[in-house]
Amino acid sequence: MGVQGLASFLDKHRNIYREVRFGRSRLLVDGCNLSYQLYFSSGLDQNHGGEYAAYRTVIETFIAALRSCDITPYVVLDGGSDVTDKKLETVTKRREDRIRKAHEAAVSGTTMHILPRMAQVVFIQTLARLQVPLAQCFAEADQEIAALASEWCCPVLSNDSDFFVFDLPAGFLPISHFLWREVRQSGSQSSICCRRYCTSSFCSFFGLRRQLLPTFAALAGNDYVKLRGIDWTRFVHAGTGTEACSRLEGLLCWLKGLQESREPLEVLEEALGLMGDLSGDKQELLQNLRLGMEEYQLGRSALSRFFLHGAPPEFPALEQGGDRVPVWMQVPLAEARIRGDVLDVLIQKFKKVDRGLNCEYPPSANQTSRPLRQVMYGLLLGKDKFTPVEFDRAGLSLISVPVEPTFTRTSQRLRLDSLPQVALSDRLNVLLEALGVTQESLRLLPPELQLPAAVSCYWVQTAQPPPDLQRALLLGMSNMLRSRTAFACVAVLPTEGNQNPDQDVSHVFSQWQACLKDAIRLNQLLDLPLPEPDVSRLYQGTLVHQLVHRMRSGGKLKTVLRSDRPSEELYRSLLSVV
């Protein structure tokens, strides 16, 4: 994310930062970035499908640390994708890299920083339960976060290097230097030690005019532009040392050597002149560089009224597809009760599907849950002639797949603009028809377990090859639901060595998580005809993999049931339904 290599470059110039003790303040939080950082920095297992109970505890501990220091977090999430093709090259490369990393992690058992499928759901559910102010943008969040931080004069917490470029009055706090686990006490006031960055320090240290900082970011290469063909290292001044010999150092030296009167666009023109004869490519490159700079220009925040008064942000202009989103959907979208990828379907007619850990050979786990998404596309697009496109994988290749919307017996007579007025019974029928279960089959289960049980029924009927691991899955679920603490289930089984996860087992459970995630999305769109389950209590990857190992090695699963009778009764009820 952000400017290539800038964060590691600045770590070599640490006197640019100011060491501070942070407390008693608002804090704008890059939610998507934080969700990644909390999971990966906490040592949680990445290769067995997710440790969601432990992840929930990490999030709770993080928020508790902020509140103990009188820090009020305002978390902002990305929504839909960019409606232009400005970041197409960057986005495509990231998707391809993620497929490659997921394959490598599945085959070798190494950690490749692939966020488990349901981690984002757990993140949002936990923040909602803790009543943390949360907003989901209609598009990407960086500009909105920076604009609100500027308006409120409070810092931003993220690890996205774009925030080194935004001119933020109260500065930027990189998560990697935010020591939230070590709250300091001074008298009656608690604080968190961290490093604060300000653009004024950067510009002063490198002798760069502040108005050229976005120009520097564009020329260095960000998500919008990749400028190739200039060897910036040749501009490094003699005697600066080998450590400073980098392209960013050279670019800064070149910018510093320009005349004071140069305007940003003139600087861009001169930079392109270093590339020689560009023929017809010059105007396109210049336009891309301009777009790369424009991303750092801040307007008025659209989120302030939402956080302070609950008013949803204004929707994008009609030419960006805003007229395709019904009015009733704007508040649930802003509150992240409906995820932003719905906007990709409505406005751009495409959807990115999640890719868990999968090696090259099994088909994408998303194929199992595709019929659920097709029902969702039918609700979103109606019977118009648009066919949405999904981006998924075939082997290790990124592919686009046209997917026809479908309709259940009930959904074929519903319209998106009047969906909230539809009777609960009809909305429930759409969900159950999509999952292929009846309300009668679920009636003996607690309400919060009806959706996971229905998903498990769908998974058993739809997955290929047909799964035979439902006992291990449901037993792990029963133990998680009855455990008193997030980590209570970890000690249920002895660790079976540090073995790589079985790839076939991982694929089967990845299919189940894909089904659960898409069923939750469909349930949200239908305004929760079934209660949304607490995902952190449904699946613990290492536990279910150990249960499968015990089952296949002749061990008795019954001995794993917790001593309390309700846990065994819950398992029997789930098993009888599925």
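Residues numbered from 1 in each chain as written. Predicted model: local features only at pLDDT ≥ 70, side-chain atom pairs only at ≥ 80, totals over all residues. Heavy atoms only, no water.

Engineer: Tell me about the pattern of salt bridges, and please be specific about residues and values.
Structural biologist: In a structure, side chains of opposite charge can pair up when their charged atoms sit close to one another. Applying the stated criterion across every chain yields a total of 17 salt bridges. Residue arginine 521 is joined to aspartate 341 by a salt bridge in which the shortest nitrogen-to-oxygen separation is 3.9 Å. Here arginine 521 is found in helix H20 (residues 503-525), whereas its partner aspartate 341 is found in helix H14 (residues 341-348), with 180 residues between them in sequence. The class for arginine 521 is buried, based on a relative accessible area of 8%. Residue class for aspartate 341 comes out buried when judged on its relative accessible area of 17%. A salt bridge links arginine 373 to glutamate 390; the shortest N-O distance between them is 2.7 Å. Of this pair, arginine 373 sits in helix H15 (residues 366-381) while glutamate 390 is found in strand S10 (residues 389-394), placing the two residues 17 residues apart along the sequence. As far as burial versus exposure is concerned, arginine 373 and glutamate 390 are alike and both buried. Each member of the salt-bridge network shares a partner with another, and the members are Arg370, Arg373, Glu390 and Asp518. (Salt bridge = Lys/Arg side-chain N within 4 Å of Asp/Glu carboxyl O. Helix = DSSP H or I, 4+ residues; strand = E, 2+ residues; numbered from the N terminus. Buried < 20%, exposed > 50% of the residue type's maximum accessible area, 1.4 Å probe, protein only.)

Engineer: Describe the environment of leucine 469, listing the residues and the values that go with them.
Structural biologist: Examined against the element boundaries, leucine 469 turns out to sit in the loop between helix H18 (447-462) and helix H19 (470-482). Expressed as a C-alpha distance, the spacing of leucine 469 and valine 544, which sit 75 residues apart in the sequence, is 9.2 Å. Beyond its immediate sequence surroundings of up to four residues, leucine 469 is in contact with Trp459, Val505, Val508, Phe509, Val548, Met551 and Arg552. (Contact = heavy atoms within 4.5 Å.)

Engineer: Break down the packing of H15 against H20 for me, with residues and values.
Structural biologist: Interaxial distance between H15 and H20 falls to 8 Å at its minimum, and their mutual angle equals 10°. As judged from the angle between their axes, H15 and H20 are roughly parallel. Contact residues: H15 offers Asn366, Thr368, Ser369, Leu372, Arg373, Val375, Met376, Leu379 and Leu380, while H20 offers Gln511, Ala514, Cys515, Asp518, Ala519, Arg521, Leu522 and Leu525. Considered class by class, the residues forming the contact of H15 with H20 number ten nonpolar, four polar and three charged. (Axes fitted to C-alpha atoms, helices over the stretch in contact; angles between N-to-C directions. Parallel < 35°, antiparallel > 145°, perpendicular 65-115°, else oblique. Nonpolar A, V, L, I, M, F, W, Y, C, P; charged D, E, K, R; others polar.)

Engineer: Give a detailed account of the packing of aromatic side chains, specifying residues and quantitative values.
Structural biologist: How two aromatic rings sit relative to each other is set out by the distance from centre to centre and by the angle between their planes. The tally for this structure, following the rule as stated, stands at 26 aromatic pairs. Directly above the aromatic system of phenylalanine 407 lies the positively charged group of lysine 383, at a separation of 5.6 Å from the ring centroid. (Phe/Tyr/Trp six-rings, centres within 6.5 Å; stacked < 30°, edge-to-face > 60°. Lys NZ or Arg CZ within 6 Å of the ring centre and 35° of its normal.)

Engineer: Can you tell me about the state of the cysteines, naming the residues and giving the values?
Structural biologist: Defined simply, a disulfide is a covalent bond joining two cysteines at their sulfur atoms. As enumerated under the stated definition, the model contains zero disulfides in all. The structure places no disulfide on cysteine 69, whose sulfur is separated from the nearest cysteine sulfur, that of cysteine 193, by 9.5 Å. Judged by relative accessible area, which is 0%, cysteine 69 ranks as buried. For cysteine 153, which is in no disulfide, the shortest distance to another cysteine sulfur is to cysteine 154 and amounts to 7.8 Å. (Disulfide = S-S within 2.5 Å.)

Engineer: Could you give me a rundown of the environment of leucine 442, with the residues and numbers involved?
Structural biologist: For leucine 442, the position within the fold is in helix H17 (residues 439-442). On the basis of relative accessibility, which here comes to 2%, the residue leucine 442 falls in the buried class. Along the primary structure leucine 442 and valine 578 are separated by 136 residues, whereas in three dimensions their C-alpha atoms are 9.6 Å apart.

Engineer: Account for the pairing of strand S2 (residues 25-30), naming residues and giving values.
Structural biologist: The buried fraction of S2 is high, at five of six residues. Relative to strand S3 (residues 71-77), S2 is paired through six bridges, and the arrangement is parallel. Its bridge partner being in S3, arginine 26 is matched across the sheet by threonine 72. For S2 and strand S5 (residues 156-158), the ladder comprises two bridges, and the chain directions are parallel. In the sheet register, leucine 28 faces S5, and the bridge partner there is valine 156. (Pairing = 2+ DSSP bridges.)

Engineer: Residues and numbers for the sheet that holds S10, please.
Structural biologist: One open sheet accounts for three strands, arranged S9-S10-S11; its pairing is mixed. With partners counted over all chains shown, the strands left at the sheet margins are strand S9 (350-352) and strand S11 (397-402), one partner each. Strand-to-strand, the axes of this sheet are offset by a mean angle of 35°, without reference to chain direction. Note: S9 against S10, three bridges, orientation parallel. Paired with lysine 351 across the two strands is glutamate 390, which belongs to S10.

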